[in-house]
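Examining the three-dimensional arrangement
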Amino acid sequence: MESSLTTSAGEGVSPLTGGCMCGKIKFEVTEPLLGAAYCHCKRCQRRTGTAFSVTGLTQPGSFRLTAGEETLRLYEPGDGWNKSFCSNCGSQIYTVNPENPDLLAVRLGALDQDPGVRPGAHQFVDYAAPWDPLPDDGLPRFSERLDWTQVELDS
Ligand SMILES: [Zn+2]
Ligand SMILES: [Zn+2]
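Strand order in the open sheet made by the 7 strands is 6-7-8-9-4-3-10, with mixed pairing throughout. Each edge of the open sheet carries a strand with a single partner, namely strand 6 (72-75) and strand 10 (119-123). Each strand axis lies, on average, 30° off the axis of its neighbour in the sheet, ignoring direction. In terms of strand pairing, strand 4 (residues 53-57) meets strand 9 (residues 100-107) through 3 bridges, oriented antiparallel. Each bridged residue has a counterpart across the sheet, and for threonine 55 the counterpart in strand 9 is arginine 107.

With that settled, the discussion passes to the sheet that holds strand 1 (residues 16-19). Taken in spatial order, the 3 strands of this open sheet run 1-2-5, and their pairing is antiparallel. Each edge of the open sheet is held by one strand with a lone partner, namely strand 1 and strand 5 (63-67). Neighbouring strand axes in the sheet, compared pairwise and without regard to direction, differ in orientation by 25° on average. Where strand 2 (residues 26-29) meets strand 5, 4 bridges bridge the pair, whose relative direction is antiparallel. Residue pairing for strand 5: phenylalanine 27 is matched across the bridge by leucine 65.

Bringing unusual backbone geometry into the picture now. Glycine aside, the phi torsion of most residues is negative, and most peptide linkages are trans. The step from serine 14 to proline 15 runs through a cis peptide bond, and the omega angle for that step is -5°. Among the secondary structure elements, proline 15 is positioned in the segment before strand 1.

With that settled, consider the pairing of strand 1. Two strands pair when backbone bridges link them, and strand 1 and strand 2 are joined in this way by 4 bridges, in the antiparallel orientation. Bridging from a neighbouring strand, leucine 16 pairs with valine 29 of strand 2. With antiparallel pairing between neighbouring strands as the criterion, strand 1 and strand 2 make up a hairpin whose turn holds 6 residues, including glycine 23 at a positive phi of roughly 95°.

A few words on the environment of aspartate 132. Locating aspartate 132 in the fold gives a position in the segment after strand 10. Looking at aspartate 132, the number of C-beta atoms within 10 Å reads 12, which means it is exposed. For the pair aspartate 132 and threonine 50, spaced 82 residues apart in sequence, the C-alpha to C-alpha distance is 9.4 Å.

Of note, glycine 23 is situated in the loop between strand 1 and strand 2. Exposure remark for glycine 23: the 13 C-beta atoms within 10 Å place this residue in the partly exposed category. Glycine 23 sits 65 residues away from asparagine 88 along the chain, and the two C-alpha atoms are 9.5 Å apart.

If you look at soluble globular proteins, the nonpolar side chains tend to sit buried side by side. The biggest cluster of nonpolar side chains holds 31 residues, and the ones touching the most others in it are Leu33, Ala37, Cys39, Phe63, Ile93, Tyr94 and Val106. Counting residues per element, the ones that place at least two in this core are strand 2, strand 3 (35-39), strand 7 (82-86), strand 8 (92-97) and strand 9. Top contributing element to this core by residue count: strand 3, with 4 residues.

Here we take up the environment of histidine 122. Mapping histidine 122 onto the fold places it in strand 10. Histidine 122 sits in the buried class, given 21 other C-beta atoms within 10 Å. Distance in space between the C-alpha atoms of histidine 122 and leucine 139 is 6.9 Å, their sequence separation being 17 residues. Not counting residues within four places of it along the chain, the set of residues in contact with histidine 122 comprises Tyr38, His40, Leu134, Leu139, Arg141 and Phe142.

Cut-offs applied
Per chain, residues are indexed from 1 in the order of the written sequence. Lettering for chains starts from A, numbering for ligands starts from 1, and both go in the order in which the items are written. The predicted origin of the model limits local features to residues at a pLDDT of at least 70 and limits the giving and counting of side-chain atom pairs to 80 or more, whereas totals for whole chains, interfaces and linings rest on all residues. Strand pairing is assigned whenever DSSP detects at least two bridges linking the two strands. For helices the rule is a DSSP run of H or I covering at least 4 residues; for strands it is a run of E covering at least 2, with both sets numbered from the N terminus onward. Comment: axis = line fitted to C-alpha atoms, over the contacting stretch for helices; angle = value between 0 and 180 degrees taken between N-to-C directions. Any residue with 12 or fewer other C-beta atoms within 10 Å of its own C-beta is exposed, any with 20 or more is buried, and the rest are partly exposed; the C-beta atoms used are placed from the backbone. Nonpolar cores are built from buried Ala, Val, Leu, Ile, Met, Phe, Trp, Tyr and Cys residues. These are joined into a set through C-beta atoms within 7 Å. By the convention adopted here, residues make contact when the C-beta atoms placed from their backbones lie within 7 Å.

Structure follows, in structure tokens:
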């Protein structure tokens, strides 16, 4: 039975391109995203300066930087996914699981196109900003990390 949390790869769009605010960093995603999710964790709040973020999981090996590698920096929290960002403009680009580099998720706001997939869940809702109530959108909610069978998005 197909989980309601996942979006079949066929619904996604590819190839995708994206980049940072100042234009130094550019990337491409050659296969459709596997799915996306809202994250309400405190790290995403601090990282973005707002209530939540939306991140989409890439298929293994489908993400590639096409410009600006020297400008890209990695923040390694030590107990979660590593976060890459542009050192010139601060834009968040992607996040990657340090134990499994095949698990790499792009920030949906960094994309140039509509990726086709839509966020399928809310994670870390216990930490959601009190000034931005969760929408009544019918999507599954997870107190902590999203419970995809093989997918763990962000934090
Ligand atoms: Zn930049
Ligand atoms: Zn988060």
